[in-house]
Amino acid sequence: MFDLPKIEQAVRMILEAIGEDPEREGLVETPARVAKMYQEIFAGLQEDPEEHLGKIFAEDHEEMVLVKDIRLFSMCEHHLIPFIGKAHVCYIPRNGKVTGLSKLARLVNGYARRPQLQERLTKQIADAIMKKLNPYGVMVVVEAEHLCMSMRGVRSPGATTVTSAVRGIFKKHESSRAEALRLITKGEL
């Protein structure tokens, strides 16, 4: 459970620590707004994202399934600053076990809505699909801009970090991996 009063207290303390007056008109409701925002953006901590893959359909399909450009918003666990991007999720069903396409987006968002590292997020998505669907293979590619790099430190806006996780046939066969990457980057067969 989220402790909203504790978050509000912490936000007030941060405002005071940076020299602001938390009772100023523009800030008086900020601690409550931030607490509610944290409850929403960290909602993934209150769920098991793998449960989204519980709905499995039997379909005579053992070819590549790719959902591209799944928008994601997460919080860098090192600075609690957002990283924003997209995930591309590809798998090859085994024995006709497919899941709803929206379930893949829900899986991505379930893991993204928590303090996170992009590398871990990418791995968690791939591992969950392997565990729940037992496909021939999974490939997950995540592209994101980290505001901790854009707004502070090196101040390099627009720099994109790309991570990938490959499992099964995508790890073993270069041709399968190349086909998936071609579909992700160009959308051509």
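Note that this is a predicted model, so its numbers are computed, not measured.

Novice: Which residues make up the pairing of strand E6 (residues 137-146), and what values go with them?
Specialist: The side chains of a regular strand alternate, first on one face of the sheet and then on the other. The buried fraction of E6 amounts to eight of the ten residues, a majority that puts the element mostly inside the structure. Pairing between E6 and strand E7 (residues 161-168): eight bridges, direction antiparallel. Each residue of the ladder has a partner; that of Val-138, found in E7, is Arg-167.

Novice: Describe the pattern of salt bridges, naming the residues involved and giving the relevant values.
Specialist: Side-chain pairs of opposite charge can arise whenever the charged atoms involved come near each other. Under the defined criterion, the tally for this structure stands at ten salt bridges. For the salt bridge of Glu-20 with Arg-24, the shortest nitrogen-to-oxygen distance reads 3.1 Å. Residue Glu-20 is classed as partly exposed on the basis of its relative accessible area, which comes to 30%. A relative accessible area of 39% places Arg-24 in the partly exposed class.

Novice: Account for helix H3 (residues 101-112), naming residues and giving values.
Specialist: An α-helical segment advances 3.6 residues per turn. Residues three or four places apart therefore align on the same side. With twelve residues, H3 should cover 16 Å at 1.5 Å per step; its first-to-last C-alpha distance of 17 Å lies within 8% of that length. The set of residues buried in H3 consists of Leu-104, Leu-107, Val-108, Gly-110, Tyr-111 and Ala-112. Buried residues belonging to H3 abut strand E2 (65-76), strand E3 (82-92), strand E4 (97-99), strand E5 (115-116) and helix H4 (118-133).

Novice: Before we move on, could you go through unusual backbone geometry and cite the residues and values that matter?
Specialist: The phi dihedral of Asn-134 is positive, around 50 degrees, even though this residue is not glycine. Along the chain, Asn-134 falls in the loop between H4 and E6. Look at Asn-134 and you get partly exposed, because its relative accessible area is 40%. Even without being a glycine, Arg-155 presents a positive backbone phi close to 50 degrees. By the secondary structure assignment, Arg-155 is in the loop between helix H5 (147-150) and E7. For Arg-155, a relative accessible area of 61% puts it in the exposed group.

About the cut-offs
Residues numbered from 1 in each chain as written. Predicted model: local features only at pLDDT ≥ 70, side-chain atom pairs only at ≥ 80, totals over all residues. Heavy atoms only, no water. Buried < 20%, exposed > 50% of the residue type's maximum accessible area, 1.4 Å probe, protein only. Helix = DSSP H or I, 4+ residues; strand = E, 2+ residues; numbered from the N terminus. Pairing = 2+ DSSP bridges. Salt bridge = Lys/Arg side-chain N within 4 Å of Asp/Glu carboxyl O. Expected span 1.5 Å × (residues − 1). Contact = heavy atoms within 4.5 Å.

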